[in-house]
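Geometric and topological summary
Here is how the chains run, residue by residue.
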Amino acid sequence: MCAEPTGASGGRGGFGGGRGGGRGGPRGAPRGRGGPPGRGGRGGGRGGGVAKRGAGGRGGGRGAPRGRGGRGGGKPGARGGSNVILKPHRHKGVFIAEGKETLLVTKNLVPGEAVYGEKRISVEGSEEGTKVEYRVWNPFRSKLAAGILGGLDAIFIEPGKKVLYLGAASGTSVSHVADIVGPEGVVYAVEFSLRSGRDLIGMAKKRTNVIPIVEDARTPHRYRMLLSSVDVIFADVAQPDQARIVALNAEYFLKDGGHAVISIKASCIDSTVPAEAVFAREVDVLREHKFKPIEQVTLEPYERDHAMLSTSDTIALDLGPPFDDDPRSSSDFEEIAHPSAHNAYWSQSSPAHHTRDEELPLHYMSEEKARRRVTRGPGGNGGGLATQTVEQDLAYDAYDAEGKDVYSKMKASRGPISSGRPRRPPPPPPTTLREFFAQNLEHIPPIIYTLLSCWTRFHKIGKSDVVVWDEAHFGKFGSYYLKREFYFDVHPPLGKMLVGLAGLLAGYDGSFDFTSGATYPETVPYVAMRVMLATFGVAMVPLGWYTAVELGMSWMACHLVALMVLCDVAWLCISRFILLDSMLLFFTFTTVYCLAKFHNQQYRPFTVDWWVWLALTGWSIGCVCSVKWVGFFVTSLVGAYTIEDLWDKFGDLKMSARDQLRHWGARIACLIVLPILIYMASFKLHFMVLSHSGPGDAQMSSLFQANLEGNTFHENPLDVAIGSKVTLKNMGWGGGLLHSHVQTYPVGSEQQQVTCYHYKDENNDWVLLPRWDESPYDPEGPIRFLKDGDVIRLQHAPTTRNLHSHPIPAPVSKLNNEVSCYGNATVGDYQDYWVVEVVDDIHRGGKDKYDRIHSLTTRLRFRHQASGCYLRAANAILPQWGFKQIEVSCDKENNPKDVHTYWNVESHWNHRLPPGDVRYYKSPFLRDFWHLNVAMATSNNALIPDPDKEDILASKPLEWPFLHVGLRMCGWGDNQTKYYLIGTPIIWWGGTISLILGTLAALVYLMRQQRKYQDMEPREWDHFLYVGKIAMLGWLFHFVPFLIMGRVTYIHHYLPTLYFSVLMFGHLLDHFVFTSRRLSDRTKQIVFGVTVFAIVGTFWWFRGVAWGIDGPINEHWGLKWRSTWNIYNE
Amino acid sequence: MSSGGGPSRIRNRKAPSEASRDLSIEYDDDDERNNDVQHPRNRSYAEKVLETEQANVGMIALLTTLAFALRFFKINHPDQVVFDEVHFGKFASYYIQRQYYFDVHPPLAKLLFGLAGWFVGYDGTFGFENIGDSYTEAHVPYVGMRALPAILGSLTVPVVYAIMKECGFSTIVATFSACIVLFDNAHVAQDRLILLDATLIFFMTLTMYCYIRFKKLRYRDFSYDWWLWLLSCGTFMAFTWASKVNGILTVFAIGIAVIIDLWDILDIKKGHSLEYFWKHFAARAVAFIVLPVFLYLTIFWIHLSILTNSGPGDTFMSPAFQETLRGNELLLNSQEIRYYDTITIRHKDTRVFLHSHPDKYPLKYDDGRISSQGQQVTGYGHDDSNNYWQVIPTKALPETGRGRVVRDEDIFQLLHVNTQTLLLTHDVASPLMPTNEEFTTWPKDDLSRYNDTLFQLRLVDGYEGEPWKSKSGHFRLIHVPTKVAMWTHPKQLPDWAYKQQEINGNKNVNDKTAIWFVDNIVDDETGEDAKERTVDVPAKEPKSLNFFKKFFELQILMLQHNAGLTASHPYASGPINWPFLISGISFWTQSEGQKQIYFIGNIVGWWACVIGISLYTGIMLADLVARRRDVEPLTEPVRHRLLNSTGFFLLFWGVHYFPFFLMSRQLFLHHYLPSHVASALVAGSVLSFALSESVNYPVSVWGPRLRASKPRTYADLGSRGPIVVGAFVLLMFIFYVYIAPLTYGTPGLDGHAVNARRILSSWTLHFAAKPTDGI
């Protein structure tokens, strides 16, 4: 990548991304990299004339950076003790170190000092006791080195030369150039970026032959006083007008006969034309400025799209290089295909051409690796797995400069991803099995964790053979799917359908009714069902691992996150039963994982991967919301992320309008439409499976019920007539049946109560009768069909009282009139008259098209004739004296749009009329879908704390984060297997504390930024914010709603929330410890070890609460860590 | 979350320019630059007339006079208790009688009412029992008490005007904002009655005014004036907070403004040192934390030092608190209990006595569960001899002396005197709650269940060996073998227990409602009347209790009760309805003459405010979006003014409005009034923006270190301003007069007139003519 032309920093704006990845920074003392435990401490004892501080030397390097390797004496080290032979390279001043692998090195001008943490090789000097030190020159880092290895015939940079280095960046390559030119030569290093310039100056302090110039290379007149003429110009300014810049500088400084070496990046200059064309064009420009191209090499495999061009200034009469006279082909230079020339260079031990890849797995050495904060995070290279990889590591370890961010100078400073897991190009297809393993080493830890997770989740899963806790609900709901009976529940159906599926697969026939605490009979394969559902719980652990990887955490943090997910006893416990929580957690985890994965695809929008992960995020959202509505919380996290993302894109003025629209469109399609479709599909499936009448019928509209098998509504006579006995269903979403019972109102008129009720019994039956002043209903007379505008009387069939209203305030909705039942078959008054008003008919449309009223489909309103009010049943609940049924009142406001005043005839009995036919009663899916959802919402809100239950099971949200309460999941008798829902305290407390610390840290950083303190590189800051926001916002979105909502809450509601505090825990440890520059590796390892021990230890201590405790609970010592836990019997 | 949103980008964009490195300070926040420099003499005629000192004074005088006239008009009508005067009038009486009362609101506004009542010679004997009670018959000088909010409410109008003026808006715009408050039926209705909101709003506007004055002096920091306005802002903020519980929102609003302000000072580009920042921080900490807390405490101290007599608020408080009140029952009748005393035990929350009678529990309940069929133990509301229990020791007692006193953590039995049975509980489910244990009794002589009759006394907040006292000794009774607490709840038992309350054993021994106290000692151990033990005791002096203990106890209770006000009320409404005036509150009705007071705002003014807020949000959002695309539709000066001045108003509006969405307590339209005032300010500044893009500059006071960098500019609305505002005010006034009968409660309206005034169908006016009448 290259600098953006508009970058504020001008010339080298591209460097803005900073060396954020660098653990030590160029200023830091050389330091070994943090190896996994057990790898340290080996480096000291290596002898030999030339001690190579290779991979094995890391331990020593950490402790004493200066030359301890040489002092090792005669005892050969375990590895890498072989001698290294130094040979001069064809180019003067450059050397080759041949040891186990072959490296390009330069002689260190300042022995004992590394510039950017590169490896150094000490060699016994010519005199006894003196040492010469060489620094390894990484071709992946320095284009000049790549050029040398790429076979550049002449670099013109030799000892004693004066070099003008344009685009010096932090001075990593410059330092090698300085090594080459030696004390006699001079390097003028020009760099425009202030930040890089600072590092450059720091480097120059040690190397007196480097003269740092922090200026724009476009304005050579500004620094012309600083330098005289030079022999060579080396240019690596990733700017579109590079050729012009070089020419300009050459005009000022290049002495006659001087040379220029230019690194050209094709995509930087014009990404739309092929690289070759770009190079050709640049060459043309140079020709115009009287440069004569000598040679071009491509820097593959070290750099993509780069070419190195060495030219000769034709001003010079003496063209120096002899080969320039050689006849050339049609082109003025020859292209040298990359590997052949220097194959042997790299791997003497592997003669075969292709083995180079084996020794130097290129994908591990990509530039992104260098950008990593910690190189060996599982996200980085899979080195998280200990020692067996050493042999593999060796080849590239030597070049691994501790993840110093030298390469990011190539990157746009604010590329689309400066946070999250660094980008890594796909590895080449493996050619051997060994290679395949090598490439997939990073997957070994998650595999191990998954196996462990299988063990913890499945261990003794069938120990308790009774229905534990909410298995009573969800097991039962699963049974309904198997029996295909319609039921009603407050949760969306996906999770319960999966329970049903598990039952089906396990061979369960749905006959058990899952009474709480009952023992499972032989016929219920409860163990198999539990295992299937626990599988979702098993998958949480690898998901946790990979999420941490995708979030760009270091390998230690990844291990911790996976361990915490593995070892939390609450997650473990809840996953082991027939409950929805394991699925909810699983889909919550996948959502976060997909989001993180999608975030990492941002650098190349609209590619296949990008679409896949975006769509998977949407799919995940759809699933999580279809399991429990709690899933909307993680959805809002995705929403917040997307809004911020789109806002950023909106501010990107360079993005075309078309791309903007595509971005918006893609998100709307994948994150809104797709989840809704999935959600609706789960309901469609729900309706399709549950095709029989069951206990949940009454919650649904009459029409829906008519379509259930076993329901007789479709046999209703179609047209309603006077004398019919009917039940009336309120059409408000989730409305019940008009009901009355002998109990009377304790307030108001004290007449018989009228309520709305979901349960079907004969108290819902009403007979339609004519007015008192008309002739009484004659069962033999002509049938009088009911029509719009009729004034009728509604008689309650069991008590023969009449539906009545009067101007007395209703008991709850005091602004409305009370509705009661009054009189009897013969006694009544004008207050019993109700005007039937037709609203419309679901099938037949507006009311002017027909005059008869159909059962089920016609929507009616009942107006009280005397007071003009409308019969209404909204969501007001009567007090205990009304059995908490829904209040029915008479609404004085005439609001024709109020569905709570709409009624339809549900059951209809009239033996004089012919039965109807099911084809009249089709129910549209969308209507049922919406109806069911409203009914669910209504019931959900009605789950208000019940004083009887509260003190034992329920808990308040504020009691969760610090694990104030636990939950007894089953009976607590001595002979029962007891499960106690409680988290692993270390994980819960640590997570909560880190949420607080994280917020404080962010505030402190912000305040320091306001004072311009530079605590970290922008990339680090972005990373800190990105992960912090995912964790903090996710936690808040999952926690705060519980504070506000009035419904009864249990501790298991915190379980999805916990995940985000775990992520925050890992992130903060990562931020403050594992990637800290101040702490030594030993400290980091100690912290890591202690944390792991604490987590695993506490888990082991508490494992019983999830695996089941036998015997008297009080005999299990030490489980009550907080006085508020009711784990022991008092 | 996604990349690149970091502050560093912003920093880059605003990289300090050469100019800002200059040592002298320029205007920053209000950095309004106006290129078309305007000479004051070139302004339009209207502006020249209006922007003079005389016009200003004249306008203030006019507004104030009008405000007083509108608020005092017929203030003696109605001569009856209206709406919440029931509460607040009563509280004033208590101050005058110095009786302790309890209320959820802090006392300042009520103290002022008490003061006003005392000032006009009210003796505090009127009960304020019901809405509609007559004042004249009871000779209550209610006009004097109503005058207090009317005065404060009237003064709010000029303060609103002054706020707008100080913020740099034209006279005419300031008049516009003031008129929205002046001609508002809701404010007038609220101001004329003995209600707290007028005080609250007055102090809130004063707080805003002082804060603006303080902010304007930021280039003369630490000057005398600066300190003056800073401290007065803190003072008024404390008064707002102490007037009504919602006043805490003002504290939040100021707090947010101060944080933003400090954040700016912290910015290194301002060139201040950290010492300078800490100085500012300390000054604000003193003015906005230390001073208000001190004042708040002082007000409570006054409150508590006035209310020294026992009163209706006693029962809310802890026994220790109650004993500090003169004439409190606890103080007079609290006795140490000795073994073999016969006592009555009462539940603290539901006030029922622990009761037993010879009837047994039915063997089988309706739900099929089985009982022990023991003797019933119930909670009974009335005093009778079945409530008598005798304390039986489980240890040897000395013959006489202090050793016979029952103490904390003692274990004893309770003997039901009438049936000579011992109280017992066991692991049998109680009649109504399967989770709790049944309470019953057991014959005294049958020792087979001895263990189940043992109970332990746990005094609330007791220390070891504390004697158990009647009245004041609140306690839990813990069953020794099964560790349950004796508990009751308001659910009634069925007919077989005469609908008395169920007593059961609650496994949660720490339940807040498991607290009981001994109501009375009926007989002492010798069988004599316990009163005799009292005879010798001289009348006790009230004990003293640390003020801070009292204060914190009171604060916690206030919070709890405020949250507990959840009962439904026919005129309660949700916050979303408020800005649109969807429904009002019926304050008072009188059938005779069909008079009523219906609390509703001036729909013209309120909707103008809503439009103003929507426009403002719309403009700022559009500006935000446009700037994101590098288009700058607003000029810098205008944008700064909109952000800083109007943003401050909007902050007050939002902070006083949105928290209500989270509250589950009863909410009424009058909770919106503080926000309404703030929205009037927003509406004014939006009007100013709509009429002209010119602004008055500079607004802040010139400081000594300040370099005059930009020329002075003047807002000029031209002749449009007076015309638009004049028309609007006229419209408001017409509407005001039209609705006035509902606001002043006079004259009475016939049904059709009521219907005509029912502008929104959701207004529930009384005496409306019904089209369906007469059927």
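Fair warning: this is a prediction, and the values are worked out from it, not measured in the lab.

**Some points on the overall build of chain A**
- Within chain A one finds 29 helices and 29 strands.
- Looking at chain A as a whole, 60% of its 1130 residues are labelled buried.
- The long-range share in chain A, meaning contacts at least 24 apart out of those at least 6 apart in sequence, stands at 73%.
- Summed over all atoms, the accessible surface of chain A reaches about 42500 Å², with 59% contributed by carbon and sulfur.

**A look at the state of the cysteines**
- The tally for this structure, following the rule as stated, stands at one disulfide over all chains.
- Left without a disulfide partner, cysteine 594 of chain A is nearest to the cysteine sulfur of cysteine 623 of chain A, which lies 9.8 Å away.
- Judged by its relative accessible area of 4%, cysteine 594 of chain A falls in the buried class.
- Free of any disulfide, cysteine 167 of chain B has its nearest neighbouring cysteine sulfur in cysteine 210 of chain B, separated by 13 Å.
- Accessibility expressed as a relative area gives 6% for cysteine 167 of chain B, which makes it buried.

**Some remarks on helix α22 (residues 720-744) of chain B**
- Taking 1.5 Å per residue, 25 residues should reach 36 Å; α22 of chain B reaches 34 Å between its end C-alpha atoms and fits that length.
- Where α22 of chain B terminates, the next one or two residues include glycine 745 of chain B, which has phi positive at roughly 75 degrees.

**Some points on the UniProt feature "domain: MIR" (unreviewed entry) in chain A**
Residue and element names in this part refer to chain A.
- The residues that UniProt annotates with the feature "domain: MIR" (unreviewed entry) are residues 717-771, 783-839 and 850-908.
- Across residues 783-839, the secondary structure splits into 0% helix and 47% strand, with the terminal C-alpha atoms separated by 23 Å.
- A distance of 20 Å separates the end C-alpha atoms of residues 850-908, which is 0% helix and 36% strand.

**Points about the pairing of strand β6 (residues 162-166) of chain A**
All names here are of chain A.
- Of all five residues that make up β6, four are buried, and the element is covered over most of its length.
- In this structure, β6 lies alongside strand β7 (residues 186-191), joined through five bridges in parallel fashion. Bridging from a neighbouring strand, tyrosine 165 pairs with alanine 189 of β7.
- As a crossover connection, the stretch from β6 through helix α3 (residues 172-181) into β7 is right-handed.
- As paired strands, β6 and strand β9 (residues 230-235) are joined by four bridges and run parallel to one another. Opposite leucine 164, over in β9, you have isoleucine 233 as the bridge partner.

**Topic: the nonpolar core**
- Core analysis: the largest hydrophobic core is formed by 165 residues, its most contacted members being Tyr211, Phe288, Phe587 and Phe649 of chain B.
- Each residue touching phenylalanine 649 of chain B, except ones within four places of it in the same chain, is listed here: Ile163, Met164, Cys167, Phe169, Met208, Ile212, Ala678, Leu681, Val682 and Ser685 of chain B.

**Thoughts on the side chain of histidine 1067 of chain A**
- Relative to the elements of secondary structure, histidine 1067 of chain A occurs in helix α28 (residues 1055-1074).
- When near neighbours in sequence (up to four residues on either side) are disregarded, histidine 1067 of chain A contacts Met553, His1023, Phe1024, Val1027 and Gly1028 of chain A.

**Quick word on the pairing of strand β6 (residues 421-429) of chain B**
All names here are of chain B.
- As defined by bridge partners, strand β5 (residues 411-416) adjoins β6 across two bridges and the pair is classed as antiparallel. Pairing of histidine 416 across the sheet is with threonine 421, part of β6.
- Here β6 pairs with strand β7 (residues 437-443) via seven bridges, running antiparallel. Paired with threonine 425 across the bridge in β7 is phenylalanine 439.

**Quick word on the confidence of the model for chain A**
All names here are of chain A.
- Confidence in the prediction of chain A, expressed as mean pLDDT, is 77, and 79% of residues score 70 or more.
- Across residues 1-82 the pLDDT falls below 50, and counting only partners more than four positions away or on other chains, this stretch makes 221 contacts in the model.
- Note on residues 313-417: pLDDT is under 50 here. Beyond four places in sequence and across chains, it has 298 contacts.

**Observations regarding the UniProt feature "transmembrane region" (unreviewed entry) in chain A**
- The positions that UniProt labels "transmembrane region" (unreviewed entry) are, in the present scheme, residues 552-571, 578-598, 610-643, 664-683, 986-1006, 1026-1045, 1057-1074 and 1086-1102 of chain A.
- Taken end to end, residues 1086-1102 of chain A is 100% helix and 0% strand, and its two terminal C-alpha atoms sit 24 Å from one another.

**Quick look at the UniProt feature "domain: MIR" (unreviewed entry) in chain B**
- As annotated by UniProt and renumbered to match this structure, "domain: MIR" (unreviewed entry) occupies residues 334-394 and 465-521 of chain B.
- Within the segment residues 465-521 of chain B, helix and strand shares are 0% and 44% respectively, and the terminal C-alpha atoms sit 20 Å apart.

**Let's talk about the pattern of salt bridges**
- Taken as a whole, this structure holds 44 salt bridges over all chains when the rule is applied.
- The partner of aspartate 719 of chain A in a salt bridge is arginine 852 of chain A, with the nearest N and O atoms 3.2 Å apart. Taken together, the residues span a long stretch of sequence, with aspartate 719 of chain A in the loop between α23 (702-706) and β14 (725-730) and arginine 852 of chain A in the loop between β22 (845-846) and β23 (858-864) at a distance of 133 residues.
- Of the charged contacts, one joins lysine 110 of chain B and aspartate 103 of chain B as a salt bridge, the two residues approaching to 2.7 Å between their closest N and O atoms.

**Regarding the packing of aromatic side chains**
- Per the counting criterion, the structure on display carries 121 aromatic pairs over all chains.
- Taking 4.4 Å as the distance between ring centres and 5 degrees as the angle between the ring planes, the aromatic pair formed by tyrosine 520 of chain A and tyrosine 526 of chain A counts as stacked. Take tyrosine 520 of chain A and tyrosine 526 of chain A: they sit in the same class, and that class is buried.
- Between the aromatic rings of phenylalanine 551 of chain B and phenylalanine 552 of chain B, the centroid separation amounts to 5.2 Å while the plane-to-plane angle is 75 degrees, which identifies the pairing as edge-to-face.
- Lying over the aromatic face of tyrosine 870 of chain A, arginine 861 of chain A brings its terminal NZ or CZ to 3.9 Å of the ring centre.

**Brief notes about the environment of histidine 559 of chain A**
Residues and elements named next belong to chain A.
- As for its placement among the helices and strands, histidine 559 is situated in helix α17 (residues 555-567).
- For histidine 559, a relative accessible area of 12% gives the class buried.
- The spacing of histidine 559 and valine 549 is 10 residues in sequence and 9.5 Å in space, taken between C-alpha atoms.
- Not counting residues within four places of it along the chain, the set of residues in contact with histidine 559 comprises Pro445, Tyr449, Trp545 and Phe1088.

**Re the domain arrangement of chain B**
- What the domain assignment lists for chain B is domain 1 (8-303 + 599-728) and domain 2 (336-535).
- Taking only C-alpha atoms into account, the centre of domain 1 of chain B sits 58 Å from that of domain 2 of chain B.

**Section: a nonpolar patch on the surface**
- A contiguous nonpolar patch, built from Leu958, Leu1036, Val1040, Leu1043 and Ile1044 of chain A together with Ile576, Phe658, Phe661 and Leu662 of chain B and spanning about 850 Å² of accessible area, is present on the exposed surface.
- Elements with a minimum of two residues in the nonpolar patch: α27 (1018-1044) of chain A together with α20 (659-662) of chain B.
- Looking at the nonpolar patch element by element, the count peaks at four residues for α27 of chain A.
- Along the polypeptide, isoleucine 576 of chain B turns up in the loop between α17 (547-564) and β13 (585-590).

**Some points on the confidence of the model for chain B**
All names here are of chain B.
- Of all residues in chain B, 90% have pLDDT values of 70 or greater, and the mean over the chain is 84.
- Note that residues 1-37 has pLDDT below 50 and, in this model, 92 contacts with residues that lie over four places away or in other chains.
- As a predicted assembly, this complex carries a pTM of 0.70 together with an ipTM value of 0.75.

**What about the packing of helix α21 (residues 631-650) of chain A against α27 of chain A?**
Residues and elements named next belong to chain A.
- Two elements in contact, α21 and α27, have axes whose closest approach is 9 Å; the angle formed by their N-to-C orientations is 140 degrees. It follows from the interaxial angle that α21 and α27 lie oblique. Crossing hand, α21 versus α27: right-handed. In contact with Phe633, Val634, Ser636, Leu637, Ala640, Tyr641 and Glu644 of α21, α27 contributes Tyr1026, Lys1029, Ile1030, Leu1033, Gly1034, Phe1037, His1038, Pro1041 and Phe1042.
- Partitioning the contact of α21 with α27 into residue classes produces 11 nonpolar, three polar and two charged.

**Points about the environment of alanine 154 of chain A**
- Locating alanine 154 of chain A in the fold gives a position in the loop between α2 (143-149) and β6.
- The spatial distance from the C-alpha of alanine 154 of chain A to the C-alpha of glutamate 295 of chain A is 8.8 Å, given a sequence separation of 141 residues.

Scoring rules and cut-offs
- Residues numbered from 1 in each chain as written.
- Chains lettered and ligands numbered in written order.
- Predicted model: local features only at pLDDT ≥ 70, side-chain atom pairs only at ≥ 80, totals over all residues.
- Heavy atoms only, no water.
- Helix = DSSP H or I, 4+ residues; strand = E, 2+ residues; numbered from the N terminus.
- Buried < 20%, exposed > 50% of the residue type's maximum accessible area, 1.4 Å probe, protein only.
- Contact = heavy atoms within 4.5 Å.
- Areas by Shrake-Rupley, 256 points an atom, 1.4 Å probe, with all protein chains shown as cover.
- Disulfide = S-S within 2.5 Å.
- Expected span 1.5 Å × (residues − 1).
- UniProt positions renumbered as here; feature names shortened; annotations may be inferred.
- Pairing = 2+ DSSP bridges.
- Right-handed = clockwise from strand over helix to strand, strands pointing away.
- Core = buried A, V, L, I, M, F, W, Y, C linked by side-chain atoms within 4.5 Å.
- pLDDT = per-residue confidence, 0-100.
- Salt bridge = Lys/Arg side-chain N within 4 Å of Asp/Glu carboxyl O.
- Phe/Tyr/Trp six-rings, centres within 6.5 Å; stacked < 30°, edge-to-face > 60°.
- Lys NZ or Arg CZ within 6 Å of the ring centre and 35° of its normal.
- Domains from an automatic or database assignment.
- Patch = residues over 30% accessible without salt bridge, like charges linked within 9 Å, V, L, I, M, F, W, Y side chains within 5 Å.
- Axes fitted to C-alpha atoms, helices over the stretch in contact; angles between N-to-C directions.
- Parallel < 35°, antiparallel > 145°, perpendicular 65-115°, else oblique.
- Left-handed = near helix turned anticlockwise from the far one by under 90°.
- Nonpolar A, V, L, I, M, F, W, Y, C, P; charged D, E, K, R; others polar.

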